[in-house]
Amino acid sequence: MRFYKLTTTYCILFDLSFFSLSLLFHEIPGENLSTPSSPATARNDCSITPLTPSPSPRVEVRPRMACPFSVVVAIDFGTTSSGYAFSFTQDSEAIHMMKRWEGGDPGVANQKSPTCLLLTPDLRFHSFGFAARDFYHDLDPEEARHWLYFDKFKMKIHSTSDLTMETELEAVNSRRVRAIEVFAHALRFFREHALKEVKDQSSSVLEGEEIRWVITVPAVWRQPAKQFMREAAYLAGLVSPDCPEQLLIALEPEAASIYCRKLRLHQVIDLSLQPVTNGLDLDGSRPFDSSFRQAREQLRRSRHSRTFLVESGTGELWSELQTGDRYVVADCGGGTVDLTVHQIEQPQGTLKELYKASGGPYGAVGVDLAFEAMLCQIFGEDFIQSFKAKRPAAWVDLTIAFEARKRTASPGRANALNISLPFSFIDFYKRHRGQSVEAALRRSNMNIVKWSSQGMLRLTQEAMNELFQPTIINIVKHIEELMAKPEVHGVRFLFLVGGFAESPMLQRAVQKALGRTCRIIIPHDVGLTILKGAVLFGLDPTVVRVRRCPLTYGVGVLNRFVEGRHPRDKLLIKDGREWCTNILDRFVSVDQSVALGEVVRRSYTPARLGQRKIIINIYCSATDDVTYISDPGVRKCGTITLDLPEPLPREIRATMQFGDTEIKVTAVDVMSNRSVRASIDFLSN
């Protein structure tokens, strides 16, 4: 084996960009290691010369340290509803929920608020949540057309494949605003409310740096979306970019899993103990979902006490699990369904992820979209689009009315569900079409939807099934496919969490499909499970010890060209030596287990005097069956930037961590052992 030492710099035209790379080597017998290089940037002053080959990741054991913060505040930023909770580190067994929100249903202590935002016509923040919804509802129809109302806007981040800081969101009135500003407005709202409540309950004056913030995101979100939320938090003033460790990004099903470790038996419903036949108990005496409704009513009464106590260790339910036992957490939210598979590690109670997070856009919003499609089928798509554009506030009223009835849908229900149509809808249709809404229903031949003389649509059980089934079928299918994988074999528990998990329609379908396979557990406070778990994650971010990589990550390198193994179109000859270009040097592989604290190291040296930055392109792939960065499915997904200090260092060692919820990078000057400013960017592609 032979090792080659870098000595001289060349400039090569490659993939329409220039980069400087050392290609002349001094041969040392006994070694033959690949020479990494990044087919990188088009900026000559940011060229790199990698030194170190591709070592296997190493584990650096991070000692358990006391939490350096006085309070942890978690924000569960959901598609349909959002909220916050907090805990003081000196009393970490008590989780304080936010105060009752203004607005909403009378007599109900609203633990979370609708994720809707209202901006004034001149783009200033006006209100969030119930206040935004109610104010927008009360606006004159003509005036409402000038206000910017955003609802369920979190879905845009998941559905945008080329997310950047310039990505825009469209308000109900079709005006567009930068998405980062909309998210920052919402986070700033939570920041102000949370800080006021924390200070009201604190016996001492808290400084900003004493607060750790946690923001939840779906586990299926890629790195650009996670970075987007972090950038929005910086813009909102939650933390400073100079103190990134003050903000944690928590994965929603992971947070739920952390909280489920604390559950006691009286805090859960075990669907496996409730056999059903046609939506009723076996004796036919009561509807399938009555026990859940009783639990929910008990929770509703208890919510006026806003402090929840959690176990200092693990809960009673966990005592049934032994080392190596596996369970699945299905986070069924408004926009997405996230599945995570964990294994318990005793006696320390830490968690190990067994299979990379999976899921998709199968949340409760799918039922809303099905309802809109049904309206289009009855009244015509052109009318519905016109009504949404010209009567936006009335359209919001209609969606709120449907949301309220959707929550009461259950498989054992015999009578129809009534949904009030706004007067402006009935009037607008008559003006637009010249006939009544009732006539439109008759003409549509849709027998599963009736008309009530009280101005309501009557949706039969068949109609509700038609609205729910496509989304529910996707959820059940995804869970079944996951549990059929060899890595997931032997699952003992399935935890259903998230707002959509409250739906008896979903509970029944999951119980029917999987009730004989494993125990199906639903926490009583199912809509708050993620929020509480996010607080616990902020108190101890080391609780999930091993995660799985969602993608393969690496950089482009040069290796010695091997005839018959490497394609001729990748041959590069320099000074008589043959090199193969575009080889993917893997940092980590898809679904690879990566422990917390495990690192990947590479060393780089400046290509020329006066160079101020080193920029390294990162590539990713959804599979591991790739060899070159030019292979199908491989794409450039981000960049690592190393700022070079003065005097110019001879070697920079970059350290990357893939075991946390975000990919992180640090760097040091090898000679002086001083830190070098390093950043990783997934939003500028």
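Conventions we followed
- Throughout this description, residue numbers start from 1 for each chain and increase along the sequence as written.
- Only residues with pLDDT of at least 70 get local features here, since the model is predicted, and only at 80 or more are side-chain atom pairs given and counted; chain-wide, interface and lining totals rely on the full set of residues.
- The side-chain quantities take in all heavy atoms of the structure and omit both hydrogens and water.
- Per the convention used, a helix needs a DSSP run of H or I reaching at least four residues, while a strand needs a run of E reaching at least two, with both numbered from the N terminus.
- Throughout, exposure labels follow a simple rule: accessible area from a 1.4 Å probe, protein chains only, divided by the maximum for the residue type, with under 20% read as buried, over 50% as exposed, and the rest as partly exposed.
- Contacts are assigned to residue pairs with any non-hydrogen atoms lying within 4.5 Å of each other.
- Note that accessible areas follow from Shrake-Rupley with a 1.4 Å probe, and for residues the cover is restricted to the protein chains shown.
- For two strands to be treated as a pair, DSSP must find no fewer than two bridges joining them.
- A fitted line through C-alpha atoms represents every axis, and for helices the fit uses only the stretch in contact; the resulting angles, taken between N-to-C directions, go from 0 to 180 degrees.
- In this description, a nonpolar core means a group of buried Ala, Val, Leu, Ile, Met, Phe, Trp, Tyr and Cys residues linked to one another through side-chain atoms lying within 4.5 Å.
- Here, a salt bridge means any side-chain nitrogen of Lys or Arg that lies within 4 Å of a carboxyl oxygen of Asp or Glu.
- Two aromatic rings, drawn from Phe, Tyr or Trp (for Trp, its six-membered ring), form a pair once their centres lie within 6.5 Å of each other, and the interplanar angle then sorts them: stacked below 30 degrees, edge-to-face above 60, tilted otherwise.
- Distance and chemistry together define a polar contact, namely a pair of N or O atoms within 3.5 Å, with one atom able to donate a hydrogen and the other to accept it when in protein, and with adjacent residues in sequence counting only for side-chain atoms on both sides.
- Here is the rule for angles: anything less than 35 degrees is roughly parallel, anything more than 145 is roughly antiparallel, 65 through 115 is roughly perpendicular, and the remaining ranges are oblique.
- Crossings are classed by handedness, with left-handed meaning an anticlockwise turn of the near helix from the far one by less than a right angle and right-handed meaning a clockwise turn.
- Amino acid classes used here: Ala, Val, Leu, Ile, Met, Phe, Trp, Tyr, Cys and Pro are nonpolar; Asp, Glu, Lys and Arg are charged; the rest, including Gly, are polar.

The next subject is the overall build of the protein chain. Counting its regular elements, the protein chain contains 15 helices and 39 strands. When burial is assessed residue by residue, the protein chain has 55% of its 685 residues classed as buried. For the protein chain, restricting intrachain contacts to residue pairs at least 6 apart in sequence, the fraction spanning at least 24 positions comes to 71%. For the protein chain, the exposed surface amounts to about 29400 Å²; the carbon and sulfur share of it is 50%.

Here we have three strands laid out as an open sheet, ordered β23-β25-β24, and antiparallel in their pairing. The open sheet terminates on both sides in strands that have one partner only, identified here as β23 (417–420) and β24 (449–452). Strand after strand, the sheet turns through a mean of 30 degrees between neighbouring axes, direction not considered. Note that β24 and strand β25 (residues 456–459) share four bridges and pair antiparallel. Of the residues in β25, the one forming a bridge with Val449 is Leu459.

Residues Phe150, Trp213, Phe379 and Val449 are the most contacted members of the largest nonpolar core, which totals 150 residues. In terms of residue count, helix α4 (residues 179–201) provides more of this core than any other element does, twelve residues in total. The contacts of Phe150, once residues within four sequence positions are left out, are Thr115, Cys116, Leu117, Leu119, Leu169, Glu170, Ala171, Val177 and Val182. Of all hydrophobic cores here, the second largest spans 32 residues; its members include Tyr553, Ile616, Ile652 and Ile680.

Applying the stated rule across the entire model yields 32 salt bridges. A salt bridge links Asp122 to Arg124, with the nearest nitrogen and oxygen atoms 3.0 Å apart. Among the charged side chains, a salt-bridge network with shared partners connects Asp368, Glu403, Lys406 and Arg407.

One open sheet accounts for six strands, arranged β30-β31-β29-β34-β35-β39; its pairing is antiparallel. Only two strands of the sheet have a single partner each, and these edge strands are β30 (571–574) and β39 (678–681). Each adjacent strand pair in this sheet contributes to an overall mean axis angle of 40 degrees, direction not counted. Bridge count for strand β34 (residues 613–621) against strand β35 (residues 635–643) is eight bridges, and the pairing is antiparallel. Bridge pairing links Ile614 to Leu642 in β35.

Moving on, we get to the pairing of strand β5 (residues 71–77). The side chains of a regular strand alternate between both faces of the sheet. Burial analysis of β5 places seven of its seven residues in the buried class, which makes it a mostly covered element. Because side chains alternate across β5, one face comprises the buried residues Val71, Val73, Ile75 and Phe77, and the other comprises Val72, Ala74 and Asp76, equally buried. Sheet topology note: the β5/strand β6 (residues 81–88) ladder contains seven bridges and is antiparallel. Bridge pairing in β6 links Asp76 to Gly83. Once β5 ends, the chain turns through three residues before running back antiparallel as β6. In this structure, β5 lies alongside strand β14 (residues 211–217), joined through five bridges in parallel fashion. Its bridge partner lying in β14, Ala74 is registered against Val214.

With that out of the way, let us pick up unusual backbone geometry. Trans peptide bonds make up the majority, and among non-glycine residues the majority have a negative phi. A cis geometry characterises the amide bond from Glu646 onward to Pro647, with omega recorded as -5 degrees. Locating Pro647 in the fold gives a position in the loop between β35 and β36 (652–657). You will see that Leu123, though not glycine, has its phi angle at about 70 degrees, which is positive. Secondary-structure assignment places Leu123 in the loop between β9 (116–119) and β10 (125–128).

A full pass over the atoms with the stated rule returns 27 aromatic pairs. Summarising the aromatic geometry, the rings of Tyr327 and Phe495 are spaced 5.6 Å apart at their centres and angled 85 degrees between planes, so their arrangement reads as edge-to-face. One end of the pair, Tyr327, is in strand β20 (residues 326–332); the other, Phe495, is in strand β26 (residues 491–497), with 168 residues separating them in the sequence. Both residues of the pair, Tyr327 and Phe495, belong to the buried class. For the pair Phe379 and Phe425, a centre-to-centre distance of 5.2 Å together with 75 degrees between the ring planes defines the contact as edge-to-face.

On to helix α6 (residues 252–260). For α6, a buried count of nine out of nine residues is recorded, marking the element as mostly surrounded by other parts of the structure. Buried within α6 we find Glu252, Pro253, Glu254, Ala255, Ala256, Ser257, Ile258, Tyr259 and Cys260.

In this section: the side chain of Asp540. Along the chain, the position of Asp540 falls in the loop between α15 (529–539) and β28 (544–548). Note on Asp540: relative accessible area 18%, which makes it buried. Only 2.6 Å separates the side chain of Asp540 from the side chain of Thr542, close enough to count as a polar contact.

Glancing now at the packing of helix α9 (residues 381–390) against helix α11 (residues 423–433). For any two helices packed against each other, one specifies the inter-axial angle together with the distance between the axes. Remark: α9 packs on α11, axes separated minimally by 11 Å, with the N-to-C direction vectors making an angle of 125 degrees. With respect to α11, the element α9 is oriented oblique. Seen along the crossing, α9 lies across α11 with a hand that is right-handed. Along the contact surface, α9 presents Asp382, Phe383, Ile384, Ser386, Phe387 and Lys390, while α11 presents Ser424, Phe425, Phe428, Tyr429, His432 and Arg433. Classifying every residue of the contact of α9 with α11 gives six nonpolar, three polar and three charged.

Counting buried positions along α15 yields eleven of eleven residues, so the element is predominantly enclosed. Those residues of α15 that fall on the buried side of the exposure criterion are Thr529, Ile530, Leu531, Lys532, Gly533, Ala534, Val535, Leu536, Phe537, Gly538 and Leu539.

Side chains of strand β37 (residues 664–669) alternate between two faces, with Val665, Ala667 and Asp669 buried and Lys664, Thr666 and Val668 left unburied. Inspection of the sheet shows β36 paired to β37 by six bridges, in the antiparallel sense. Paired with Met656 across the bridge in β37 is Val665. In sequence, β36 turns back onto β37 through a hairpin of six residues. Examined bridge by bridge, β37 and strand β38 (residues 675–676) share two bridges and lie antiparallel to one another.

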